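Listed below are the residues making up each chain.
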Amino acid sequence: MTVNDRLTALRGWMREEKIDAYIIPSSDPHQSEYVAEHWKSREWISGFTGSAGTVVVTVDYAGVWTDSRYFLQGEMETASSEFELQKMHNQFGNYYRDWIIDNLSSGQTVAVDGQLFSNGQCDMLKKAFDSEGLKFRIDADGISPTWTDRAAIPMNEIYVHDAKYAGKTRTERLNEVRAKMVEQKADHHLTTTLDDIGWTLNIRGTDIDFNPVAVCYLVVSKTYSTLFIDKVKVPVAIQNELKADNIYLRPYAEIVAYLNQLPEIDTLLVDPLICNAYLYRAINAKKVNGNTPAKYLKAIKNSTEIAHSKSSQIKDSVGMAKAWKWLEDTLKSRNVSEAEFADKLAECRGQQAHYKSESFPAIIGYKGNGAIIHYHPTHDTCHDIKNDGMLLCDSGGQYLDGTTDITRTVSFTDPTDQQKLHYTLVLKGMIGLSMAKFPVGTQGNQLDTLARMHLWQHGLNYGHGTGHGVGFFMNVHEPPQGFAPGNSMRSNTKHDKGMLSSNEPGYYLEGEYGIRIENLMVVVEDKEGWLKFDTITLFPIATNLIDMNFMTTTETQWLNDYHQETYDKVSPQMDEEHRLWLKEKCRAV
C-alpha cells in the first residue's frame, strides 16, 4: 500500500466511526521516544520517519506537524504523498490542536487512541476542544483495522543488568521508590515508562532498537511488586530471582484488569503526564497524582555509574578513532558513502568490551545533509563523502557499563572564512557551557543561554535544545534535565550533582553544511552551594575549522587542556598506529 492508499483506508474507518479529525502521535502506550515496530503508526500512515511528529487526518486534509530538527527531512519524505508538512517553530507548541480548532466546526468529532496519549495530554485537548464546541473521543483505534500487516508486540527475552555496573541492587532501588511512595501516602505506584522500570528492577531488554528496554508495566506495592510482562520473555532463572525479591509476574495484557480490581480504599501514585489515558481511567484505587519517582532517582548517577561511564567513554573513543582514521585513509583512494561510514562506526564500537548496540541511528551528514539535524543515511539514498568539504557525525554506543553520545564536525579541506566563523561561535558556546559554575538550584533554561550567546551576537541561532539527559546503559535521551529555552521539563529542571547531560550547540546552513559539537558532562560539586560540569567525553575536536582571532586565552587554554587530557587517558588503550593519529589530532593550538 502507498501512503495515499493507507489514507484512503483510514478515512473509510473514520466515516464508519463518524470521526471528522483523527490525531496520530509518535508514541506508544509507554510514552516512549523510540518505539517498537508495532507502534510506528505515525510513520506507517505518513511515510515520515523522524522520531518526533504528529499526524492529523480529516476527510480532505492530511498533515504532519514536526519541529525544526526535521523540516528538511519532512519535506523530502512527504513530497510524493497527499501529506503536507506543517512546521512547528516551537517544538513545545500546540500547532496541530490549533489547526483543528481553526478548520473544524462546532459539533464535529475529534478522536485519538487514548493508549497513545498521556492522560494529561487528553485532558488538555478535551478542554481546548470543549471550548470550541468540538466533541472529543479517546477510544478510537483506527490503526489496527487498517494496518493489516502490522508487526506483533515484541517478545524478546529480558536480562539482568548486574549491580556491579548499576551500583545498587534491585532491592535497594525498590526501597528508594517505596520511600517516595511513603512521602506521597501511596499504597501502590504504577510505573509505565520502560526505562524507569528497567532502572528500578535492574533489567534490560531488546524490544526497542537502540534502547535497552523491555515492553512491560510495573506496579510497586508496599511489600511486593507486580511486573506485567509475558512469561515467555523472562528466563526461568530470572523468574526465580524476581520471585525471591517478591516480584510477581502477570501477562502484559492484564494490566487494565488489575488496575480495575484495586480496592477503592487503596491509594495509587501515578504520573498523569506520563500514564496513558486508557490506563489512567482504568484505575479503581484512589489516585495520587505525582511524578514517577524513578525518573528523578535514576537521573542522579551514583559513584559506580559515573566511574563506569567515564571508562566507557574512553573505549568508545578508541572505537571512534579507528573509524575516523579508516575514513581519512580510505578517502585518499575512493569515496565513502555516509551509510558505509555509519556501519564502520558501529563495527569499530562493536570491537570494544561490553558493547551491546548503537545508542541511536548514527547521523552522518556530508555537506548539505549536515544541515538536516536528525538526518540518518540509508544505503540506497545517501550521499558519498568525498575528500573535501564538511562532515557532521553524531553517533553513540550502548555498553553494559555506559551510554555514549558524541558529535564532531570536520572539514577535509581548508574551510571558508564563513565556515570558520560559524564553527568557532559554536565551539565558544560549547566551551562556555562546559566551564560554567552555577549555584545549586540553577535550571536548564538559565544555562542554555551560555551556549547560544556567541551565536546571538552575530544574529544566529539553532532550533533545538542545547542538551539532554543521558541514561546509564539506558535511553540516550533521558528526562528530566537538559538545556533548552522556553518552558518545558528539560528547561525547568534544576541540575543536581550526579546528573549526566549532553552539551551540543550547533549551527545549520540549509543546503550547505551543518555544525554541531557535542560532549557529555556530569554535574559535580564546585564549592559549598555551587556546582560545575566535568566533561567525560574524550575525543579530539577539529582545530582547522577554528578562527583563532575569535578565541579568548581562557577558551584556548580549555581546548588545549581538553586535548591533553584526551590524549593522556585514551592513548594508553590504543595501538601505536592509532596513538600517533590521536597525538596529531590533539596538538595544542
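These figures come from a predicted structure and were not determined experimentally.

**Some remarks on the overall build of the protein chain**
Across its full length, the protein chain holds 19 helices and 30 strands. In terms of overall dimensions, the protein chain is globule-like: its C-alpha atoms have a radius of gyration of 24 Å, near the 25 Å expected for 589 residues. Each of the three principal axes of the protein chain carries a C-alpha extent, and together these read 65 × 55 × 45 Å. Scored against the burial criterion, the 589 residues of the protein chain give a buried share of 59%. A sequence separation of at least 24 residues applies to 68% of the contacts in the protein chain between residues at least 6 apart. Surface summary for the protein chain: the accessible area is close to 23,400 Å², and the carbon and sulfur share equals 48%.

**Notes on the domain arrangement of the protein chain**
Examined at the domain level, the protein chain breaks down into domain 1 (3–137), domain 2 (159–291) and domain 3 (303–586). Each side of the interface is counted separately: domain 1 has 17 residues, and domain 2 has 19 residues. Carbon and sulfur atoms make up 56% of the surface buried where domain 1 meets domain 2, a total of about 1,400 Å² over both sides. Contact with domain 2 buries surface across domain 1, with His-30, Tyr-34 and Asn-119 losing the most and accounting together for 45% of the total. In this assembly, domain 1 and domain 2 are joined by one salt bridge. For Asp-123, the salt bridge goes to Arg-281, with nearest N and O atoms at 3.2 Å. At the junction of domain 1 with domain 2, the criterion picks out 13 residue pairs in polar contact (both at pLDDT 80 or more). Class assignment for the residues of the side of domain 1 that touches domain 2 results in seven nonpolar, eight polar and two charged.

**Some points on the pairing of strand β3 (residues 62–67)**
Across the six residues of β3, six count as buried, placing the element largely inside the fold. The alternating pattern of β3 places Ala-62, Val-64 and Thr-66 on one face and Gly-63, Trp-65 and Asp-67 on the opposite face, and all of these are buried. As judged from the four bridges shared by strand β2 (residues 54–58) and β3, these two strands associate in the antiparallel manner. Bridge pairing links Thr-54 to Trp-65 in β3. Where β2 hands over to β3, the hairpin turn is made up of three residues, counted between the paired strands. Sheet topology places β3 next to strand β4 (residues 84–88); five bridges connect them, and they run parallel. Paired with Val-64 across the bridge in β4 is Leu-85.

**Details of the sheet that holds strand β13 (residues 267–270)**
Read from one edge to the other, the open sheet built from six strands follows the order β12-β11-β10-β8-β13-β14, with strand pairing classed as mixed. If you trace the sheet from one side to the other, it starts and ends with β12 (247–250) and β14 (286–289), each paired once. Each strand axis lies, on average, 25 degrees off the axis of its neighbour in the sheet, ignoring direction. Note: β13 against β14, four bridges, orientation parallel. Bridging from a neighbouring strand, Thr-267 pairs with Lys-286 of β14. Running over the sheet, helix α8 (residues 194–201) touches β8 (188–191), β10 (217–221), β11 (225–228) and β12 and is turned about 50 degrees from β10.

**Points about the environment of Glu-132**
As for its placement among the helices and strands, Glu-132 is situated in the loop between α5 (119–130) and β6 (135–137). Excluding residues within four positions of it along the chain, Glu-132 makes contact with Ile-101 and Ser-106.

**Notes on unusual backbone geometry**
Across the junction of Pro-479 and Pro-480, the peptide omega takes the value 15 degrees, indicating a cis bond. Within the fold, Pro-480 resides in the loop between β24 (467–468) and β25 (482–483). With phi around 55 degrees, Asn-202 is a residue other than glycine that occupies positive phi space. Here Asn-202 shows up in the loop between α8 and β9 (203–204).

**Focus on the nonpolar core**
When a protein is soluble and globular, its nonpolar side chains tend to lie buried together. In this structure, Ile-100, Trp-324, Phe-341, Leu-391 and Leu-427 are the most contacted members of the largest nonpolar core, which totals 119 residues. With near-sequence residues (within four places) excluded, Trp-324 lies in contact with Phe-341, Leu-391, Cys-393, Val-410, Phe-539 and Trp-581. Among the nonpolar cores identified, the runner-up in size contains 23 residues, and Trp-199, Cys-216, Leu-269 and Val-288 belong to it.

**Topic: the packing of helix α15 (residues 417–434) against helix α18 (residues 553–570)**
Viewed as axis vectors pointing N to C, α15 and α18 meet at an angle of 80 degrees, and their least axial separation amounts to 10 Å. On the basis of their axis angle, the class for α15 and α18 is roughly perpendicular. When α15 is examined against α18, the residues Leu-427, Lys-428, Met-430, Ile-431 and Ser-434 are found in contact with a partner set consisting of Glu-555, Trp-558 and Leu-559. Its residues assigned to classes, the contact of α15 with α18 shows five nonpolar, one polar and two charged.

Analysis parameters
Residues numbered from 1 in each chain as written. Predicted model: local features only at pLDDT ≥ 70, side-chain atom pairs only at ≥ 80, totals over all residues. Heavy atoms only, no water. Helix = DSSP H or I, 4+ residues; strand = E, 2+ residues; numbered from the N terminus. Rg over C-alpha atoms; globule rule 2.2 N^0.38 Å. Buried < 20%, exposed > 50% of the residue type's maximum accessible area, 1.4 Å probe, protein only. Contact = heavy atoms within 4.5 Å. Areas by Shrake-Rupley, 256 points an atom, 1.4 Å probe, with all protein chains shown as cover. Domains from an automatic or database assignment. Buried area = accessible area lost by both parts, 1.4 Å probe. Salt bridge = Lys/Arg side-chain N within 4 Å of Asp/Glu carboxyl O. Polar contact = N/O pair within 3.5 Å; in protein donor to acceptor, adjacent residues only side chain to side chain. Nonpolar A, V, L, I, M, F, W, Y, C, P; charged D, E, K, R; others polar. Pairing = 2+ DSSP bridges. Axes fitted to C-alpha atoms, helices over the stretch in contact; angles between N-to-C directions. Core = buried A, V, L, I, M, F, W, Y, C linked by side-chain atoms within 4.5 Å. Parallel < 35°, antiparallel > 145°, perpendicular 65-115°, else oblique.

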